Amino acid sequence: MFKISSVKRAIIKIRKCTKFAIIIILSTLLILGIVSSFYKPIYSVTLNGELLGYSENKSKLQERINQYIEKGDGENVAFVDIDDLPQYKLCLLKRNIVTNDDEIFKAVASKGTSYYKYYAITVDNKEELNVATFSEAEEAINKLKEKNSNNKDKLGVIEKYATEQAEYANVEKVVTDLYEKKVVRKTNNTVVAATGTNTSGKVVNLGISLIRPVSGTVTSRFGARWGRGHKGIDIGAPKGTTIYAAASGTVTVSQYGYSGGYGNYIMISHGNGIQTLYGHCTSLLVSAGTYVTQGQPIATVGSTGNSTGNHLHLEIRVNGVAQNPQNYLY
Ligand SMILES: [Zn+2]
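Every value quoted in this text rests on a predicted model; they were computed, and no experiment measured them.

1. Structural notes on the overall build of the protein
Here is step 1: Across its full length, the protein holds 5 helices and 20 strands.
Here is step 2: Over its C-alpha trace the protein gives a radius of gyration of 42 Å, far above what one expects of a compact globule, namely 20 Å for 330 residues.
Here is step 3: In terms of overall dimensions, the protein has C-alpha extents of about 145 × 55 × 35 Å along its principal axes.
Here is step 4: Residues counted as buried form 25% of the 330 residues belonging to the protein.
Here is step 5: Counting contacts in the protein only where the partners sit at least 6 residues apart, residues at least 24 apart contribute 68% of the total.

Here you go:
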């Protein structure tokens, strides 16, 4: 008997507690319901302590700001530098509060510094004109190369960023402005051409001994080449390598320019109708009329004139007829 009654008492107690718990839960829900019908969780957004507004979707807004910082507006603005990022604070606010993500975004964006991206076209590393895109820069340079502009080997592109938008030129303007005609100096552009080529294989005795004007390997031999006779040999050497006089004599030509393909070249007369010619030079160290001794520096290796790489084009002529230099040197 005693046992049963104590169990009953326990059951009654549990029932009382359950009722009480249900009442608590229901009233909590009711309060929450009332509160959420008037209030909602929302983010207040501040920048440097200044309230910009309210946002319901913090991550979406911040993502938009991040994208703007990294990629700008996708047109000319390359990226944006923003000193301070907005601060978000979660709060419960009245349901009728107006969120203004657009205004917040604009306010944050306006505080940033926009960097514009463009491309400068350079001649000899000096910035000449700006274009908006890399493909325009490429196109302009290719056109100048096609037109064989005199500065075609000095053209370059630099990627630029600036806080102010530059003035952009179009491809046509770049090509017109930067095109340089080959400088032809008529008064000083005599090309002393060989009067013939000794292809007989017979070696003419020069009566003097020659030394190598540069050390290097022969990259193109004397004789038939590309359907035309090669009147000398080519010796590959780095740009700027000193070229020495093969023998003593008088400089008869020291001439800058295209010179019929020789580029900047030197010619020395050694007497008895013997001449040596040094083509495609970068700089010429002696002027016409100078007497030079064997081994004296006369020029430096380059790739001027009709040349695709740095080398010395060496000719040896006897009475105007080009001889094979490899009969005497290399
Ligand atoms: Zn050559």
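2. Notes on the domain arrangement of the protein
Here is step 1: Along its sequence, the protein is carved into domain 1 (37-111), domain 2 (116-178) and domain 3 (187-327).
Here is step 2: Distance from the C-alpha centre of domain 1 to the C-alpha centre of domain 3: 73 Å.

3. Focus on the pairing of strand S1 (residues 39-47)
Here is step 1: Sheet analysis places S1 next to strand S4 (residues 87-94), joined by 8 bridges and oriented antiparallel. Of the residues in S4, the one forming a bridge with Thr46 is Gln87.
Here is step 2: Two strands pair when backbone bridges link them, and S1 and strand S2 (residues 50-55) are joined in this way by 5 bridges, in the antiparallel orientation. Across the sheet, residue Val45 finds its bridge partner in S2, namely Gly53.

4. Observations regarding the nonpolar core
Here is step 1: With 24 residues, the main nonpolar core has Ile243, Tyr265, Ile266, Tyr278, Cys281, Ala299 and Leu312 as its most contacted residues.
Here is step 2: Listing elements by their share of this core, those giving two or more residues are strand S12 (233-236), strand S14 (249-255), strand S15 (264-271), strand S16 (274-281), strand S18 (297-300) and strand S19 (311-318).
Here is step 3: At 4 residues, S15 tops the list of elements feeding residues into this core.
Here is step 4: Aside from chain neighbours lying at most four places away, what touches Cys281 is Ile243, Gly263, Asn264, Tyr265, Ile266, Ala299, Thr300, Val301, Gly302 and Thr304.
Here is step 5: Core analysis: the next-biggest nonpolar cluster, separate from the first, contains 13 residues, Leu129, Ala137, Ala169 and Leu178 among them.

5. A word on the sheet that holds S2
Here is step 1: One open sheet holds the 3 strands; their spatial order is S2-S1-S4, and the pairing between them is antiparallel. Whereas interior strands pair on both sides, the edge strands pair on one side only; in this sheet they are S2 and S4. Geometrically, the sheet is characterised by an average inter-axis angle of 35 degrees between neighbouring strands, direction not taken into account.

6. Some remarks on unusual backbone geometry
Here is step 1: Although it is not a glycine, Ser259 sits at a positive phi angle of roughly 50 degrees.
Here is step 2: Positive phi, normally seen in glycine, also occurs at His280, with a value near 65 degrees.
Here is step 3: What makes His280 buried here is the crowd of 25 C-beta atoms within 10 Å.

7. A short note on the environment of Asn205
Here is step 1: Tracing the backbone shows Asn205 in the loop between strand S8 (196-197) and strand S9 (217-220).
Here is step 2: Along the primary structure Asn205 and Asn327 are separated by 122 residues, whereas in three dimensions their C-alpha atoms are 9.6 Å apart.

8. What about the packing of helix H2 (residues 58-71) against helix H3 (residues 101-111)?
Here is step 1: Contact pair H2 / H3: the axes reach a minimum separation of 10 Å and the direction vectors enclose 30 degrees. Here H3 runs roughly parallel to H2, going by the angle between their axes. Crossing of H2 over H3 shows right-handed handedness. Side by side, H2 and H3 meet where Leu61, Arg64, Ile65 and Tyr68 of the first sit next to Asp101, Ile104, Phe105, Val108 and Ala109 of the second.

9. Overview of the environment of Asn125
Here is step 1: Looking at where Asn125 falls in the secondary structure, it is placed in the loop between strand S5 (113-123) and strand S6 (126-131).
Here is step 2: Separated by 28 residues in the primary sequence, Asn125 and Asp153 have C-alpha atoms spaced 11 Å apart.

10. What to know about the confidence of the model for the protein
Here is step 1: Confidence in the prediction for the protein averages 87 pLDDT; 94% of positions are at 70 or higher.
Here is step 2: Across the protein, element-level confidence peaks in strand S13 (residues 242-244) with a mean pLDDT of 98 and bottoms out in strand S10 (residues 223-225) with 73.
Here is step 3: Taken as a whole, residues 183-188 scores under 50 in pLDDT and shows 5 contacts with residues more than four places along the chain or in a different chain.

11. Points about helix H4 (residues 134-146)
Here is step 1: End to end, H4 covers 18 Å across 13 residues, agreeing with the expected 18 Å (1.5 Å per residue, within 8%).
Here is step 2: The inward-facing, buried residues of H4 abut S5, S6, strand S7 (155-162) and helix H5 (171-178).

12. Describing the packing of H4 against H5
Here is step 1: One way to put it is that H4 packs onto H5 with a least axis distance of 9 Å and a crossing angle of 40 degrees. As for how H4 packs across H5, the hand of that crossing is right-handed. Residues Glu136, Glu139, Ala140, Lys143 and Leu144 of H4 form the contact with H5, whose participating residues are Val171, Val174, Val175 and Leu178.
Here is step 2: Tallied by class, residues from the contact of H4 with H5 come to 6 nonpolar, no polar and 3 charged.

13. Looking at the pairing of S5
Here is step 1: Summarising the sheet, strand S3 (residues 77-81) and S5 pair through 4 bridges and their orientation is antiparallel. Within the sheet, the bridge partner assigned to Asp81 lies in S5 and is Thr113.
Here is step 2: Of the strand pairs in this sheet, S5 and S7 are connected by 8 bridges, and their pairing is antiparallel. Within S7, the residue paired with Tyr119 across the bridge is Glu159.
Here is step 3: Taken together, S5 and the strand that follows it, S6, pair antiparallel across an intervening segment of 2 residues, in which Asp124 is found at a positive phi of about 60 degrees.

Calculation criteria
Residues numbered from 1 in each chain as written. Predicted model: local features only at pLDDT ≥ 70, side-chain atom pairs only at ≥ 80, totals over all residues. Helix = DSSP H or I, 4+ residues; strand = E, 2+ residues; numbered from the N terminus. Rg over C-alpha atoms; globule rule 2.2 N^0.38 Å. Buried ≥ 20, exposed ≤ 12 C-beta atoms within 10 Å, placed from the backbone. Contact = placed C-beta atoms within 7 Å. Domains from an automatic or database assignment. Pairing = 2+ DSSP bridges. Core = buried A, V, L, I, M, F, W, Y, C linked by C-beta atoms within 7 Å. Axes fitted to C-alpha atoms, helices over the stretch in contact; angles between N-to-C directions. Parallel < 35°, antiparallel > 145°, perpendicular 65-115°, else oblique. Left-handed = near helix turned anticlockwise from the far one by under 90°. pLDDT = per-residue confidence, 0-100. Expected span 1.5 Å × (residues − 1). Nonpolar A, V, L, I, M, F, W, Y, C, P; charged D, E, K, R; others polar.

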